[in-house]
Amino acid sequence: MTHIRTVTQLTDAGLIQAEDVEKIKKVVQQFSLSLTPQIAEMLINEPEDGAIAKQFIPTTEELNIQPKELADPIGDETYTPVKGVIHRYPDRCLLMPVTACPVYCRFCFRREKVGTQEKALSKQELTEAYHYIANKPEIWEVILSGGDPLILKPKNIAAIMNALNEIQHVEVVRIHTRIPVVDSVRVTDELIQSLKLSKKAVYITLHANHASEFTEAAKTACARIVEAGIPMLSQTVLLKGINDSAEAMGELMRTFVKNRIKPYYLHQTDLATGTGHFRTTIEAGQAIIKALRGRYSGVCQPTYVLDLPGGFGKVPIGYSYIACDGVNHRYTIEDYQGNTHLYEAEIS
């Protein structure tokens, strides 16, 4: 199986029907296509409407663009002081060294940018990014994102990591990636060595949306990272028809934990162009979060968040179990089984 980047290759692999080719070409002209051999092989053995296919195979639904959908749904451009840096929050920034990914998710919130210019930052652009970070002492954490930073050659990743290692006030480097579950063969000893730093804590945040993404190869890749001493977190997008049930979400969270990955964020699908068929209501997401509480281990609980359009940041939007009557610190609390209890706080 080869890397799939064209509609013709999709057809040849039997992943779309011949009668759909012309329609899908219109989609791919607007939104990039890429499937690793690993994902393509998974798709061949999966039902046409399976969780993997829905994430990666383009459909004509992507051309149904809603009025409130945005090319920049979370306001990245507003907070971009230099190319490749997004500084939205005081103590952390994104550094995006590359705009390419090994696969292109059909719901990506940066789908108007990634893949269209598959190019890493130049040495000069990286130098300017490091200079910006070095001159902002409030930046405690740098998050490598993009694109997928682990698509770079290990020597280039090591150069970026070493540059960040020399910025004294940066204490944590977090890397957002899909590589371990979509292109597991990239997780080599050389790659892992490129991620290690002598002066900083390094975390890897894995993006996965369904338990079926954890093939044996993916599990092995994650184990190599964790056993090298690099802790892993997760992030997941709530997607209609893929993981929008308590059972599917619970299985995914348990799969993360079994593979020594701490659930971190569950994202409400952003208002990216052509992604309306993936979005659930916030109420549906809150119901899933409520169903997980008490029925699945506490370490399996993600934080459900909405990234506000316009660049105003992430806001937790999980189910609320508490109501205050406004008098004498009296609260009505709902337990995980739906029973309510009066709680009166004693304040001295």
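These lines cover the structure that appears in this document, whether it is placed above or below. Keep in mind that this is a model prediction, so the values were computed, not measured. (Residues numbered from 1 in each chain as written. Predicted model: local features only at pLDDT ≥ 70, side-chain atom pairs only at ≥ 80, totals over all residues. Heavy atoms only, no water.)

1. A closer look at the packing of helix H5 (residues 123-134) against helix H6 (residues 154-165)
The following threshold applies: Axis lines are fitted to C-alpha atoms, over the contacting stretch for helices. Their N-to-C directions set the angle, which ranges from 0 to 180 degrees. Segments assigned H or I by DSSP are reported as helices when at least four residues long, segments assigned E as strands when at least two residues long, and all are numbered from the N terminus. If an angle is under 35 degrees, it is roughly parallel; if it is over 145, roughly antiparallel; if it lies from 65 to 115, roughly perpendicular; otherwise it is oblique. Helix crossings get a hand from a simple test, with the near helix turned counterclockwise from the far one by less than a right angle marking a left-handed crossing and a clockwise turn marking a right-handed one. Pairs of residues are marked as contacts when any of their non-hydrogen atoms sit within 4.5 Å. Classification used: nonpolar for Ala, Val, Leu, Ile, Met, Phe, Trp, Tyr, Cys and Pro, charged for Asp, Glu, Lys and Arg, polar for all others including Gly.
Running from amino to carboxyl end, H5 crosses H6 at an angle of 25 degrees, the nearest separation of the two axes being 10 Å. Taken as axis vectors, H5 and H6 run roughly parallel relative to one another. By crossing handedness, the relation of H5 to H6 is classed as right-handed. Along its contact with H5, which presents Leu126, Tyr130 and Ile133, the element H6 presents Ala159, Ile160, Ala163 and Leu164. For the contact of H5 with H6, the per-class residue count stands at seven nonpolar, no polar and no charged.

2. Side note on the nonpolar core
Note the threshold: Grouping buried Ala, Val, Leu, Ile, Met, Phe, Trp, Tyr and Cys residues that are joined through side-chain atoms within 4.5 Å yields what is termed a nonpolar core. Buried, partly exposed and exposed residues are distinguished by accessible area as a fraction of the type maximum, computed with a 1.4 Å probe on protein chains only: under 20%, between the cut-offs, and over 50%, respectively.
Of all hydrophobic cores here, the largest spans 88 residues; its most connected members are Leu35, Leu95 and Leu164. Aside from chain neighbours lying at most four places away, what touches leucine 164 is Leu95, Tyr130, Ile133, Val142, Leu144, Val170, Val173 and Lys200.

3. Focus on the environment of valine 182
As for its position among the elements, valine 182 is in helix H7 (residues 179-182). On the accessibility criterion, valine 182 (1% relative accessible area) is buried. Each C-alpha atom of the pair valine 182 and glycine 229 lies 22 Å from the other, and the pair is 47 residues apart in sequence. The residues touching valine 182, leaving out its near neighbours within four places in the chain, are Thr36, Gln38, Ile39, Phe56, Pro102 and Val103.

4. With respect to the pairing of strand E12 (residues 340-344)
Put simply, the rule reads: Any two strands with at least two DSSP-identified bridges between them are counted as paired.
With five bridges joining them, strand E11 (residues 330-334) and E12 adopt antiparallel strand pairing. Residue pairing across strands places arginine 330 opposite glutamate 344, the latter belonging to E12. The antiparallel hairpin formed by E11 and E12 contains five residues in its connecting segment, where glycine 338 sits at a positive phi of about 95 degrees.

5. Quick look at the sheet that holds strand E8 (residues 303-308)
The nine strands lie next to each other as E1-E2-E3-E4-E5-E6-E7-E8-E9, forming an open sheet whose pairing is mixed. Each having just a single partner strand, strand E1 (85-89) and strand E9 (313-316) make up the two edges of the open sheet. In this sheet, adjacent strand axes meet at a mean angle of 30 degrees when their direction is disregarded. Both strand E5 (residues 201-207) and strand E6 (residues 232-238) contribute to a ladder of four bridges, which runs parallel. The residue of E6 that forms the bridge with threonine 205 is leucine 233. Contacting E1, strand E2 (92-98) and strand E3 (141-146), H5 runs over the sheet at an angle of about 175 degrees to E2.

6. Comments concerning the pattern of salt bridges
We apply this condition: Whenever a carboxyl oxygen of Asp or Glu lies within 4 Å of a side-chain nitrogen of Lys or Arg, that contact is scored as a salt bridge.
Here the structure, examined in full by the defined rule, presents 18 salt bridges. With a shortest N-O distance of 2.8 Å, glutamate 213 and arginine 178 are connected by a salt bridge. Separated by 35 residues along the polypeptide, glutamate 213 in the loop between E5 and helix H9 (216-227) and arginine 178 in the loop between strand E4 (172-177) and H7 bring together distant segments of the chain. Take glutamate 213: its relative accessible area is 2%, and that puts it in the buried class. Here arginine 178 falls in the buried class, since its relative accessible area comes to 5%. Aspartate 307 serves as the salt-bridge partner of lysine 314, at 3.5 Å between the closest nitrogen and oxygen. A relative accessible area of 30% means that lysine 314 is categorised as partly exposed. The class of aspartate 307 is buried, set by a relative accessible area of 8%. Here the residues in one salt-bridge network are Asp76, Arg88 and Arg110, joined through shared partners.

7. Description of the packing of aromatic side chains
Each aromatic ring pair is described using two quantities: the centre-to-centre distance and the angle formed by the ring planes. Just so we agree on the cut-off: Paired rings are identified among Phe, Tyr and Trp, the last through its six-membered ring, by centres lying within 6.5 Å, and are further divided according to the angle between planes into stacked (under 30 degrees), edge-to-face (over 60) and tilted (the rest). Placement of a charge over a ring requires the Lys NZ or Arg CZ to be within 6 Å of the ring centre, with the centre-to-atom vector within 35 degrees of the ring normal.
Tallied over the full model, the rule gives five aromatic pairs. Between the aromatic rings of phenylalanine 107 and phenylalanine 278, the centroid separation amounts to 5.5 Å while the plane-to-plane angle is 75 degrees, which identifies the pairing as edge-to-face. Of this pair, phenylalanine 107 sits in the loop between E2 and H5 while phenylalanine 278 is found in the loop between strand E7 (261-268) and helix H11 (282-292), placing the two residues 171 residues apart along the sequence. The burial state of phenylalanine 107 is the same as that of phenylalanine 278; both residues are buried. Seen in terms of ring centroids, tyrosine 264 and tyrosine 265 are 4.1 Å apart; in terms of plane orientation they differ by 20 degrees. Their pairing is stacked. The class of tyrosine 264 is partly exposed, set by a relative accessible area of 24%. Overall, the relative accessible area of 17% leaves tyrosine 265 in the buried class. Sitting above the plane of the tyrosine 89 ring, arginine 92 keeps its charged end 4.1 Å from the centroid.

Worth remembering: the numbers are spatial, not functional.
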